[in-house]
Amino acid sequence: MEQNDQKEPLDTEQEETPTPYTPASPAKRALAWMGVVYMVIIVLLTTYNLANGEPLHGIPSVFLFPACGAFSVISFLRYREDRSKPSFLFWAIVAGILCVLTVVVAIGSLIVALGA
């Protein structure tokens, strides 16, 4: 048996040119941070459930504030892009207020659920 040690020639015409780095848009970053916050909340609640054998009850506002915060940021960014539509600013303010309210309710609910 004879082995052929010939290698294929490299094609210099098909060299890959590196694509330039384009950072994510601010809206995508806001949604990514919302996802990170949700994952942290899920890990903490799952850990509590596994440690104590019982889930926390009556804490739905814990899951509402990341979405309200992301909606507020995205609405404000859309308003900043196109200032001719003031409805985006209105929704950004409303979602921001709801975000603050749900954080306050979530903290109160967690204090009651944990029995502190």
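What you are looking at is a predicted structure, and each value in this text was computed from that prediction instead of being measured.

> Describe the overall build of the protein, naming the residues involved and giving the relevant values.
Helix and strand counts for the protein stand at 3 helices and 0 strands. Scanning the protein from its N terminus toward the C terminus, one meets helices and strands in the order α-α-α. Looking at the protein as a whole, 18% of its 116 residues qualify as buried. Partitioning the intrachain contacts of the protein with sequence separation of at least 6 by distance along the chain shows that 65% fall at a separation of at least 24. Working note: accessible area of the protein is about 9500 Å², and carbon and sulfur atoms make up 65% of it.

> A description of the side chain of Ser109 should follow, citing residues and the corresponding values.
Within the element layout of this structure, Ser109 appears in helix α3 (residues 86-114). In this structure Ser109 touches Gly58, Ile59 and Ser61, once residues within four positions along its chain are discounted.

> How would you explain α3 if you had to name every residue and give the values?
Compared with the 42 Å implied by 1.5 Å per residue over 29 residues, the 42 Å span of α3 between its first and last C-alpha is a close match. Looking only at α3, the buried set comprises Ala92, Ala95, Cys99, Thr102, Ala106 and Ser109. Structurally, α3 contributes buried residues whose contacts are with α2 (61-81). Just past α3, the residue Gly115 takes up positive phi, approximately 75 degrees.

> Please set out the packing of α2 against α3 residue by residue, giving values where relevant.
Direction vectors running N to C along α2 and α3 enclose 160 degrees, while the axes themselves pass 7 Å from each other. Our classification of the angle between α2 and α3 gives roughly antiparallel. As for how α2 packs across α3, the hand of that crossing is left-handed. Looking at the contact of α2 with α3 residue by residue, the class counts come to 19 nonpolar, 7 polar and 1 charged.

> Report on a nonpolar patch on the surface, specifying residues and quantitative values.
The grouping of Trp33, Val36, Val40 and Leu44 at the surface amounts to a nonpolar patch, some 430 Å² of accessible area in total. Residue classification places Leu44 among the exposed positions, given a relative accessible area of 55%.

> Go over the nonpolar core, please, and point to the residues and values.
Grouped together as the largest cluster of nonpolar side chains are 5 residues: Ile41, Leu56, Ile59, Val62 and Ala106. With near-sequence residues (within four places) excluded, Leu56 lies in contact with Leu45, Tyr48, Leu110, Ala113 and Leu114.

Cut-off values and rules
- The numbering scheme is per chain: residues are counted from 1 as the chain's sequence reads.
- Reporting in this predicted model follows two pLDDT cut-offs: at least 70 for local features of residues, and 80 or more for side-chain atom pairs to be given and counted; totals over whole chains, interfaces and linings ignore these cut-offs and use all residues.
- Excluded from the side-chain calculation are hydrogens and water; included are all heavy atoms of the structure.
- Secondary structure counts use DSSP, requiring at least four H or I residues in a row for a helix and at least two E residues in a row for a strand, with both numbered from the N terminus.
- Burial classes follow relative accessibility: with a 1.4 Å probe on protein chains only, a residue under 20% of its type's maximum area counts as buried, one over 50% as exposed, and anything between as partly exposed.
- By definition in these notes, contact holds between two residues if any of their heavy atoms fall within 4.5 Å.
- What sets the accessible areas is the Shrake-Rupley method with a 1.4 Å probe; for residues, cover comes only from the shown protein chains.
- Expected helix span is computed as 1.5 Å times (number of residues minus one).
- Axes here mean lines fitted to C-alpha atoms, for a helix over just the part in contact, with angles spanning 0 to 180 degrees between N-to-C directions.
- Just so you know how the angles are binned, under 35 degrees is roughly parallel, over 145 roughly antiparallel, 65 to 115 roughly perpendicular, and the rest oblique.
- Put simply, a crossing is left-handed when the front helix is turned counterclockwise from the back one by less than a right angle, and right-handed when it is turned clockwise.
- Residue type decides the class: Asp, Glu, Lys and Arg count as charged, Ala, Val, Leu, Ile, Met, Phe, Trp, Tyr, Cys and Pro as nonpolar, and the leftover types, Gly among them, as polar.
- Every patch collects residues that have over 30% relative accessible area and no salt bridge, joining them within 9 Å if they carry like charges and within 5 Å if they are nonpolar side chains (Val, Leu, Ile, Met, Phe, Trp, Tyr).
- Salt bridges are counted wherever a side-chain nitrogen of Lys or Arg sits within 4 Å of a carboxyl oxygen of Asp or Glu.
- By nonpolar core we mean a set of buried residues, namely Ala, Val, Leu, Ile, Met, Phe, Trp, Tyr and Cys, connected to one another through side-chain atoms within 4.5 Å.

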